[in-house]
Amino acid sequence: QVQLVESGGGLVQAGGSLRLSCAASGRTFTAYAMGWIRQAPGKAREFVAVVRQPSETTYYADSVKGRFIIARDNAKNTMSLQMNSLKPEDTAVYYCAADRLYGKLLQPQYYESEYWGQGTQVTVSS
């Protein structure tokens, strides 16, 4: 069974850092774009970051540029999101997602990705 499992969320103070991880199983995602989507309570899904394959080109939401770093390790079938200089507005459930079409991950408010994890909660206090 194909699974994406997120971990690493938690409660941090503004200005702090967290590293989220996504472990994939059931298949390899070499041919898939993989990225992170977040959703705050009562809000629409919001694109955070994505890595294209095979180019490994990265895209970031303007709100996280310069603060977050996405990376993937195809050999381990994992992906991470290093989050620095966290702000209260970063508070959300963060989801790992994968799709053959990276554009779908860029607009999660309109498109459902092929694979999703269960999410991990990130809470940033002021």
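What comes next concerns the included structure. (Residues numbered from 1 in each chain as written. Predicted model: local features only at pLDDT ≥ 70, side-chain atom pairs only at ≥ 80, totals over all residues. Heavy atoms only, no water.)

### Details of the sheet that holds strand 3 (residues 18–25)
The 4 strands lie next to each other as 1-3-8-7, forming an open sheet whose pairing is antiparallel. Pairing within the sheet leaves two strands with one partner each, and these edge strands are strand 1 (3–7) and strand 7 (68–73). Put simply, the sheet's adjacent strands are angled 15° from each other on average, direction ignored. Where strand 3 meets strand 8 (residues 78–83), 6 bridges bridge the pair, whose relative direction is antiparallel. Counterpart to cysteine 22 in the pairing with strand 8 is methionine 79. (Pairing = 2+ DSSP bridges. Helix = DSSP H or I, 4+ residues; strand = E, 2+ residues; numbered from the N terminus. Axes fitted to C-alpha atoms, helices over the stretch in contact; angles between N-to-C directions.)

### A word on the state of the cysteines
Applying the stated criterion to the full structure yields 1 disulfide. Between the sulfur atoms of cysteine 22 and its disulfide mate cysteine 96 the distance is 2.0 Å. Handedness of the cysteine 22-cysteine 96 disulfide follows from its S-S torsion of about -70°: it is left-handed. Within this pair, whereas cysteine 22 is found in strand 3, its partner cysteine 96 is found in strand 9 (residues 92–99), the two being separated by 74 residues in sequence. (Disulfide = S-S within 2.5 Å.)

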